[in-house]
Amino acid sequence: MTKYYHLSIDLDSSTSTCQDCTQLFDEWLGGTGVATKLFSEYCLKPCEPLSPDAPVIFAIGPLNIIFPVMTKTVAIFHSPLTGNLGESHAGGRLALAMFESQNHLISIKGKASYPSYIVIENHQLRIEKAKSLWGFSATSTERILRNKEKGLGKRSIMRIGPAGERLSPLACVTVDSSRHFGRLGLGAVLGSKNIKAIVISGNQSLPVPNNKTYTKEYLKLHQTITQSTVMKKYHDLGTPMNVLPLHYSGALPTRNFTQGFFEGASHISGEAFAENDLVQQISCAGCPVGCIHMASHREVYDPQNHMVKTFKVSYDYELIFALGSNLSISSRSEILKLILECERQGWDIMSLGGTLAWATEAYRKGIIGAKESMGEHLRFGDSALYHRILGYISQHANPFYADLEKGVAYCSSKYGGKEFAVHFGGNEAPGYLTGMNAFLGFALGVRHSHLDAAGYDIDQKSAQFASKTDQLLALYRESLERMIFNSLTACLFSRKVYTSDQIVRCFQALDDTTKTKAYLEALSHRILGLKFECKFRLGFSWDSLSLSQCFEGFSTPQSVLRSEDFKAGVSLFSKWIDEDRKLHRKAATLIRF
Ligand code: SF4
């Protein structure tokens, strides 16, 4: 039987303990289930997201590394952006390093007394001084630590940039070369704990199962992933393949979501990036797909002597929308330049791009003026201006620019302009103007993200449903299925490969016959119920959800958006979730942790 271990780190005392947590994995599967359960135990009384008591929890799943594309690590924390439950997933080598170090679950509490970085080698902990790293970009920090901390066997490096040190709620955690715990401000949480980076490595490699069933399942999965069309699109153009179809269907957010098509779309399409800028496709450890698209970007640092540096910059659909169409920028090199600066600072690009778009509209409408902008004329499409603004924000050049790295919800509350503030539950909106299901998905999802239920997909298939209720039911079913997927910490791109039958067969190949379809279905309700229990404990309410005024009467490819439809959707969805919460509470009395 597989054993699972929990490394618990107390930064107040610079100590750690490692305990067997197999029972927790048995009951909550792994990833999001296990991490949320532990979070709920730690946060019986809510605390401030940036207080030392606030925990950060990382978890991998029971199939990680053992099967292909089981590559992610889940982070659960108290989000400084939404003030509610934070959840973010990252790939790279982190899951492999946690697996090889036999730390399936890592929790961090307390606060280091000086800027530090954490080194985990198998079950051993070291806390090192990071004063010399404080202020360094996320990209430079990785380079320095890669040389300094060689580690044991497989190694992964997480770090924050200056944005995390400044406790920006938009700050992300960068993992290895180009993966992120992007959304909801985990970077600020680590910054508040004085933690610049975490280097984790291990060499306790476990033998893979030695039976014919396992080999057969693995090879079949590998073949489907690499030789069928199911995941080919992710390798070929990657998610930027979405730019043109969304533009042609009127669903590509442009200029702060004021229209769904962008006149420069052909210049920033997946095809244009692939033909002109793409230099490499790389993969998370344990994945044969290679969907991470890297572009080459030249930076001139000494024009007189023609001195340039070339950088590899990873790009995907969300980054292209957030710093491209939504800011009306149609130059790929300018988008790459902005991405690179955000990577250095360690900002979540979707949230920062959304905030820049809000600021531009606020300036156009006279809500902010020259005093706030320091004489800059904010206008869509001016990439040089946006580059300067990134500099002002990172320098906190004045109170307004300092506020911009707190996000749309904060800025629109302070300065006005709520009527065109595009956020859901405090999280800046992802790039889909497809219809009501996308928006309901952002609002109702645990993370207020497109990753909760992919409502955009339901919008695009809306003709296949008999009623709006059926569409909403599909949204709810997708949320449930993702509870299992995220507990396995599978990459969401593989959700058509890992059907529920396939997941059961994977467990059977590992001699685990307890994970039946009925068991997983019941567990999905309990995990979703638990998550919403945590959200309510942290202050969430259904009443807090509303459709931004700017979308009232807005025409999308699926429908015309109306507040009353939005409210009806929230009301119905909340009834289903309340049933899951009750189910969780009932089951919780039977389970002891
Ligand atoms: S498909 Fe892409 S994001 Fe998913 S595991 Fe593979 S390389 Fe990572």
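## Let's talk about the nonpolar core
Argument step 1. Grouped together as the largest cluster of nonpolar side chains are 176 residues, with contacts concentrated most on Phe-58, Phe-67, Ile-118, Phe-181, Trp-358 and Ile-389.
Argument step 2. Apart from the residues lying within four places of it in its own chain, the contact partners of Trp-358 are Asn-256, Phe-400, Leu-404, Val-408, Cys-411, Ser-412, Tyr-415, Gly-416, Gly-417, Phe-420 and Ala-421.
Argument step 3. Counting eight residues, the second-largest nonpolar core is a separate cluster that includes Tyr-117, Ala-130, Leu-145 and Ile-157.

## Considering the sheet that holds strand β15 (residues 307-315)
Argument step 1. The strand order β13-β14-β15 describes an open sheet built from three strands, whose pairing is antiparallel. Strands with a single pairing partner mark the edges of an open sheet, and in this sheet they are β13 (278-282) and β15. Strand-to-strand, the axes of this sheet are offset by a mean angle of 35°, without reference to chain direction.
Argument step 2. Relative to strand β14 (residues 292-302), β13 runs antiparallel, the two sharing four bridges. When the sheet's bridge partners are listed, Leu-278 is paired in β14 with Ala-295.

## Regarding the layout of surface pockets
Argument step 1. As a volume, the second largest pocket reaches approximately 770 Å³.
Argument step 2. Forming the boundary of the second largest pocket are 32 residues, of which Met-1, Thr-2, Tyr-4, Ile-66 and Leu-510 lie nearest the centre.
Argument step 3. Of all the secondary-structure elements, those providing two or more residues to the lining of the second largest pocket are α1 (22-28), α3 (94-101) and α21 (500-509).
Argument step 4. Split into classes, the residues belonging to the lining of the second largest pocket amount to 17 nonpolar, nine polar and six charged.

## Thoughts on empty space enclosed by the protein
Argument step 1. As enumerated under the stated definition, the model contains two cavities of 30 Å³ or more in all.
Argument step 2. The space that makes up the largest cavity amounts to roughly 70 Å³.
Argument step 3. Looking at the largest cavity, it is lined by 14 residues, and the ones nearest its centre are Leu-444, Gly-445, Val-446, Ser-479 and Phe-573.
Argument step 4. Every element with two or more residues in the lining of the largest cavity is listed here: α18 (436-444), α20 (468-488), α22 (517-537) and α23 (563-588).
Argument step 5. For the lining of the largest cavity, the class distribution of residues is 10 nonpolar, three polar and one charged.
Argument step 6. In this structure, the second largest cavity is lined by Glu-87, Arg-447, Leu-451, Asp-452, Arg-482, Met-483, Asn-486 and Lys-531.
Argument step 7. Broken down by element, the residue count for the lining of the second largest cavity peaks at three residues, all from α20.
Argument step 8. Residue composition of the lining of the second largest cavity, by class: two nonpolar, one polar and five charged.

## Some details on the pairing of strand β2 (residues 15-20)
Argument step 1. One ladder, built from six bridges, connects strand β1 (residues 5-10) with β2; its direction is antiparallel. Looking at β2, one finds that His-6 is bridged to Gln-19.
Argument step 2. Linking β1 to β2, which pair antiparallel, is a turn of four residues; within it Ser-14 sits at a positive phi near 55°.

## With respect to the domain arrangement of the protein chain
Argument step 1. Looking at the protein chain, the domain boundaries give domain 1 (5-201), domain 2 (234-414) and domain 3 (434-495 + 516-587).
Argument step 2. Summarising the inter-unit geometry, the C-alpha centres of domain 1 and domain 3 are found 27 Å apart.
Argument step 3. If you look at the interface, domain 1 gives 35 residues, while domain 3 gives 25 residues.
Argument step 4. Taken together, both faces of the contact between domain 1 and domain 3 bury some 2,500 Å²; the carbon and sulfur share is 66%.
Argument step 5. Three residues, Trp-28, Leu-29 and Asn-84, lead the burial of domain 1 against domain 3; their summed loss comes to 24% of the area buried on that side.
Argument step 6. Viewed at the interface, domain 3 and domain 1 are joined by one salt bridge.
Argument step 7. Where Lys-531 meets Glu-87, a salt bridge forms, and the shortest distance between an N and an O atom there is 2.7 Å.
Argument step 8. Scanning the region where domain 1 abuts domain 3 turns up 15 residue pairs in polar contact (both at pLDDT 80 or more).
Argument step 9. Contributing elements (two or more residues each) for the side of domain 1 that touches domain 3: α1, α2 (31-42), β4 (73-78) and β5 (85-90).
Argument step 10. A per-class count over the side of domain 1 that touches domain 3 returns 16 nonpolar, 14 polar and five charged.

## Brief notes about the pattern of salt bridges
Argument step 1. Summed over all chains, the structure comprises 33 salt bridges.
Argument step 2. Here Arg-332 and Asp-277 are joined by a salt bridge, their closest N and O atoms 2.6 Å apart. One end of the pair, Arg-332, is in helix α12 (residues 332-345); the other, Asp-277, is in the loop between α10 (270-276) and β13, and 55 residues separate them in sequence. One exposure class covers both Arg-332 and Asp-277, and it is buried.
Argument step 3. With a closest N to O distance of 3.8 Å, Arg-344 and Glu-341 form a salt bridge. Of this pair, Arg-344 and Glu-341 both sit in helix α12, three residues apart, which is roughly one turn of the helix.
Argument step 4. Accessibility expressed as a relative area gives 16% for Glu-341, which makes it buried.
Argument step 5. Through salt bridges with shared partners, one network takes in Glu-121, Arg-126, Glu-128 and Glu-149.

What counts and what doesn't
- Residues numbered from 1 in each chain as written.
- Predicted model: local features only at pLDDT ≥ 70, side-chain atom pairs only at ≥ 80, totals over all residues.
- Heavy atoms only, no water.
- Core = buried A, V, L, I, M, F, W, Y, C linked by side-chain atoms within 4.5 Å.
- Buried < 20%, exposed > 50% of the residue type's maximum accessible area, 1.4 Å probe, protein only.
- Contact = heavy atoms within 4.5 Å.
- Pairing = 2+ DSSP bridges.
- Helix = DSSP H or I, 4+ residues; strand = E, 2+ residues; numbered from the N terminus.
- Axes fitted to C-alpha atoms, helices over the stretch in contact; angles between N-to-C directions.
- 1 Å grid on protein atoms, 1.4 Å probe; cavity = no way out; pocket = protein on both sides within 12 Å on 5 of 7 lines; lining within 4 Å.
- Points joined across faces, edges and corners; volume = space filled by probe spheres on them.
- Nonpolar A, V, L, I, M, F, W, Y, C, P; charged D, E, K, R; others polar.
- Domains from an automatic or database assignment.
- Buried area = accessible area lost by both parts, 1.4 Å probe.
- Salt bridge = Lys/Arg side-chain N within 4 Å of Asp/Glu carboxyl O.
- Polar contact = N/O pair within 3.5 Å; in protein donor to acceptor, adjacent residues only side chain to side chain.

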